[in-house]
Amino acid sequence: MDPAARGYEGFAGRVGEFTSESDPSWRPRPTAAEGAPNIVVMLVDDLGFSDLGPFGGEIRTPFIDGLAADGWLFTNYRTAPMCSPARAALLTGLNPHRAGFGFVAHIDPGYPGFACELPAAAPTLAESLRAGGYATFMVGKWHLTLESRLHDGADRSSWPLQRGFDRYFGSMDGFTSLHHPHRLVQDNSVVDVAEFPDGFFLTDELTDRAIGMVDELRANDRRKPFFLYYAHTSVHGPIQAKEEDIERYRGRYERGWNAVREERFARQRARGIVPTHAELPGDPLADGDRIPHWDDLGPEERALFARHMEVYAAAVDEIDQSVGRLLARLDELGERENTIIVIASDNGGTAEGGPTGTRSYFAQFGLHGAVPDGWVNDVPRDLSEIGGPRLYGQYPTGWARVSNTPFRSFKSSTYEGGVHAPLVISWPAGAASPGLRDQFVFVSDLAPTLLELAGVARPEQWNGTSALEVDGDSIAGILADPAAPGREQQYFECVGRRAFVDGEWKAVSPIPPTPAQGATGGTWELYHLPSDPTETRDRAEHEPERVQELAERWREEAWRNTVFPLDDDGTLHSVRPGTEAPLSEPVELVPFRPPLERFRSARLTVLRSFEVHAELELEHGAEGVVLAHGDQGGGYLLALDGAELLLSYNAYGAMRRVRASAPEPGHHRIDLRVRADLGLRWSLAVDVDGTERLRLDDMPMLVGMAPFTGISVGYDYGGPVDWDLHERHRSYPFRGGRIRSLRYVPGEASPEDATVLRAIEQEMRDLVD
């Protein structure tokens with residue numbers, strides 16, 4: 001080889017100046033071990049411990065029942081109290097804060113444990129498996145990217161494809177409508193669809209896409225194993241289901257939440273899910289102050305609350321149906337036996353619906369005494385609409401307590417109700433000793449376990465540096481041996497609520513401490529889990545030294561896992577970095593493009609005044625939507641409807657409309673002016689060529705996560721703002737003229753006290769996940 005040659009370094013073959021003098025060599029490609037299993041991880045959102053059949057639930061889940069009967073059912077699996085932290089731990093094997101997620105993926109407050117971005121030095125399960133020769137697919141909810149980086153111009157380094165998945169389809173936000181998703185992403189691009197067909201349902205679509213990814217792999221490679229991460233959006237609110245599935249549960253919950261809870265508890269004890277000596281926590285321990293007594297309810301309230309649970313049960317049923325469809329396809333491919341299937345929940349069931357539930361999901365955020373009288377709380381609508389595309393609902397706290405049977409409290413709590421979740425693992429080809437397992441397993445143990453079962457080593461170097469050490473331990477030994485030891489210790493933290501498990505003991509601090517009390521101070525409770533797994537007998541008063549020891553252990557683990565700082569002044573999750581400022585700058589939007597992303601849209605309107613300036617060329621008979629922002633959960637819309645100019649305002653489901661005669665053909669400037677008034681209200685006015693034509697005063701301001709669907713120009717995308725228009729015209733594309741330009745200009749902030757507004761926004765975000 002010529003001494004001047006360049007570019008042949010490391011080449012294993014021989015190179016001359018002619019092929020007859022050369023020997024080729026090819027770079028090795030990662031190849032999985034012969035017989036390596038497929039892996040399917042199905043993560044359900046906000047599913048309580050007792051909702052599935054194997055864990056005592058009455059909901060129909062035959063396919064998950066079958067997986068549990070032939071596999072492993074874990075009765076002592078714990079997770080993080082919120083969804084993003086659990087997902088980060090599952091995919092990295094790190095503890096939640098070390099994985100960057102001490103909170104849900106909204107704000108980066110500038111501290112490592114709350115960056116809301118997976119560390120570059122932590123290979124995800126998908127990245128490790130892909131490096132080991134696996135195909136890697138994901139469908140469903142991601143929620144591991146800062147909301148300020150979800151827009152179409154964002155850095156995509158934290159999107160699924162950049163974190164190890166070959167293919168992705170789903171919603172990257174924390175939740176979405178199942179009938180009319182607010183935004184879908186395929187791989188690295190938003191799905192460009194103007195409207196969804198009648199009967200569209202996201203759970204079915206995700207299953208179709210998952211099966212399609214497997215089929216397309218098998219059409220091209222019959223041997224390559226795959227990893228499928230199926231992260232359901234269901235049963236996170238808004239809770240929705242198909243009417244035929246809801247009908248299956250009609251009348252099943254009229255006996256009330258206490259009766260259903262007691263029935264589930266009896267089945268759990270009979271099946272060994274909980275020990276026979278366990279007690280079902282009663283009021284006031286079991287949040288009795290937040291749950292109406294069923295016997296005190298009138299017939300209308302009972303019917304309403306029962307309908308909410310019918311919808312929830314149907315949604316769980318639909319998750320089981322998705323399992324059944326996947327299993328059927330694996331059977332057809334002859335791959336069911338050698339496929340590991342994991343079914344789990346990200347956290348406990350949620351109480352975000354409040355004591356009476358809601359048909360106005362977005363209006364529930366921030367309603368605890370912080371908003372004015374007359375606020376839209378639960379828009380009165382026909383019961384038959386709950387679960388359908390017109391309503392964004394959430395079941396009442398009483399049913400959430402049922403979901404978490406037999407435990408106390410709910411999602412975001414460090415009591416067992418927040419962190420104790422169902423876990424089923426199935427692998428027919430490897431199930432040497434299936435059955436119940438009562439060892440303590442934590443969510444960060446799943447990634448090391450699956451890598452060991454797949455025969456894939458986690459990379460020691462990643463992105464040019466040493467890979468971060470995992471916190472989880474493989475539980476492969478527990479699968480093989482029911483007597484193998486489980487985890488001994490684990491810290492928990494969520495919005496300052498603390499807990500630490502050490503063997504048989506658990507210390508819980510449900511109230512965040514103050515700086516004067518110190519990180520180990522404040523109120524602590526102590527429970528002996530073997531004798532009291534449902535946390536009914538606080539022994540802190542009798543064993544103060546043990547309490548102090550566990551509190552100190554918690555502090556040590558907090559420092560080891562980037563848990564600090566604790567949020568003592570309310571700023572940790574409300575102060576945004578200045579780098580987000582450009583998202584609040586004016587923007588000119590192009591008609592008929594996919595909607596402006598949710599968070600980018602919100603930066604133009606949330607808690608502030610704003611204006612929209614449109615230049616239109618109108619022909620005779622021009623009609624259609626000029627702009628739409630939001631959906632059935634709340635929003636506003638401006639349209640030419642027949643011979644009229646229409647302004648529709650959807651206040652969390654309560655509709656207001658005003659009309660005026662449409663402008664004559666020709667060039668016109670139409671301005672929508674929205675003024676933020678005292679009391680979290682908006683006043684809206686529409687000018688045509690400088691003259692006011694329409695007006696709506698004293699409207700409840702859309703705050704928090706509303707409007708949820710982003711801004712669309714020239715049509716009303718997805719979930720419609722105005723259902724009547726949708727029934728007549730679907731997305732109602734603008735025609736008979738041209739929208740020459742449309743510009744959003746954000747204005748002054750709301751005159752409400754800024755500190756109050758920060759508190760309201762924070763409370764909303766606490767409830768989102």
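Please read these numbers as outputs of a predicted model, since none were measured by experiment.

S.K.: Is there a simple way to think about the overall build of the protein in this case?
M.R.: Regarding its fold elements, the protein presents 15 helices and 28 strands. Whereas a compact globule of 769 residues would reach a radius of gyration of roughly 27 Å, the protein reaches 27 Å, a difference of no more than 12%. Taking the principal axes of its C-alpha atoms as reference, the protein extends roughly 90 × 80 × 55 Å. Looking at the 769 residues of the protein, the share that counts as buried comes to 62%. Once local pairs closer than 6 in sequence are excluded, the contacts in the protein between residues at least 24 apart make up 73%.

S.K.: When you look at the pattern of salt bridges in this model, what are you seeing that I'm missing?
M.R.: Between side chains of opposite charge, pairing is possible as soon as their charged atoms come close. Within the structure shown, the criterion is met by 63 salt bridges. Between R264 and E58 there is a salt bridge, and its shortest N-O distance comes to 2.8 Å. Residue R264 is located in helix α6 (residues 257-271), and its partner E58 is located in the loop between β1 (38-44) and α1 (62-70); the two are separated by 206 residues in the primary sequence. E58 shares its class with R264; the two are buried.

S.K.: Help me out: how do you make sense of the packing of helix α4 (residues 202-218) against helix α7 (residues 299-333) in this one?
M.R.: A pair of packed helices can be characterised by two numbers: the angle between their axes and the separation between those axes. One can describe the packing of α4 onto α7 by two numbers: an axis separation of 10 Å at closest approach and a directional angle of 15°. Classified by the angle between their axes, α4 and α7 sit roughly parallel to one another. In the packing of α4 onto α7, the handedness of the crossing is right-handed. Across the interface between the two elements, T203, D204, T207, D208, A210, I211, V214, D215 and R218 from α4 touch E318, S322, R325, L326, R329 and L333 from α7. Residue composition of the contact of α4 with α7, by class: five nonpolar, three polar and seven charged.

S.K.: What should I look at first to understand the sheet that holds strand β16 (residues 497-502) in this one?
M.R.: In sheet architecture, strand pairing relies on hydrogen bonds along the backbone and comes in two forms, parallel and antiparallel. Strands sit in the order β15-β16-β17-β18 across an open sheet of four strands; the sheet is antiparallel. Every other strand in the sheet has two partners, leaving β15 (489-494) and β18 (525-528) as the edge strands with one partner each. Each adjacent strand pair in this sheet contributes to an overall mean axis angle of 15°, direction not counted. Two elements, strand β17 (residues 505-509) and β18, share four bridges in a ladder whose sense is antiparallel. Residue pairing for β18: W505 is matched across the bridge by H528. The sheet contacts of helix α12 (residues 544-560) involve β15, β16, β17 and β18, and relative to β16 the element is tilted by about 105°.

S.K.: Explanation requested: the side chain of K411 in the structure shown.
M.R.: Examined against the element boundaries, K411 turns out to sit in the loop between α8 (397-403) and α9 (416-419). Within the structure, the side chain of K411 is placed 3.0 Å from the side chain of D46, a separation counted as a polar contact.

S.K.: For this particular structure, what's the right way to read the confidence of the model for the protein?
M.R.: Where the model shows low pLDDT, its predicted coordinates should not be examined in detail. Per-residue confidence for the protein gives a mean pLDDT of 95; residues scoring 70 or more make up 97%. Note that residues 755-760 has pLDDT below 50 and, in this model, eight contacts with residues that lie over four places away or in other chains. The model gives residues 762-769 a pLDDT under 50, and that stretch makes 42 contacts with residues more than four places away or in other chains.

S.K.: Quick question: what am I supposed to make of unusual backbone geometry here?
M.R.: Excluding glycine, residues mostly carry a negative phi; peptide bonds, for their part, are mostly trans. Of the consecutive residues S234 and V235, the connecting peptide bond is found in the cis state with omega at 10°. Topologically, V235 is positioned in the loop between β8 (226-231) and α5 (243-247). The residue after F564, namely P565, is reached through a cis peptide bond having omega 10°. Note on placement: P565 falls in the loop between α12 and β19 (587-588). Of note in the backbone geometry, H143 takes a positive phi value of approximately 55° without being a glycine. Structurally, the position occupied by H143 is in the loop between β4 (135-140) and β5 (167-170). The backbone of R730 shows a phi angle near 60°, a positive value even though the residue is not glycine.

S.K.: So what exactly am I meant to see when it comes to the pairing of strand β23 (residues 654-661) here?
M.R.: Regular strands place their side chains on alternate faces of the sheet. Pairing of strand β22 (residues 644-651) with β23 involves eight bridges; the strand directions are antiparallel. Pairing of L646 across the sheet is with R659, part of β23. From the end of β22 to the start of β23, which pair antiparallel, there are two residues, and Y652 there has a positive phi angle of about 60°.

About the thresholds
- Residues numbered from 1 in each chain as written.
- Predicted model: local features only at pLDDT ≥ 70, side-chain atom pairs only at ≥ 80, totals over all residues.
- Heavy atoms only, no water.
- Helix = DSSP H or I, 4+ residues; strand = E, 2+ residues; numbered from the N terminus.
- Rg over C-alpha atoms; globule rule 2.2 N^0.38 Å.
- Buried < 20%, exposed > 50% of the residue type's maximum accessible area, 1.4 Å probe, protein only.
- Contact = heavy atoms within 4.5 Å.
- Salt bridge = Lys/Arg side-chain N within 4 Å of Asp/Glu carboxyl O.
- Axes fitted to C-alpha atoms, helices over the stretch in contact; angles between N-to-C directions.
- Parallel < 35°, antiparallel > 145°, perpendicular 65-115°, else oblique.
- Left-handed = near helix turned anticlockwise from the far one by under 90°.
- Nonpolar A, V, L, I, M, F, W, Y, C, P; charged D, E, K, R; others polar.
- Pairing = 2+ DSSP bridges.
- Polar contact = N/O pair within 3.5 Å; in protein donor to acceptor, adjacent residues only side chain to side chain.
- pLDDT = per-residue confidence, 0-100.

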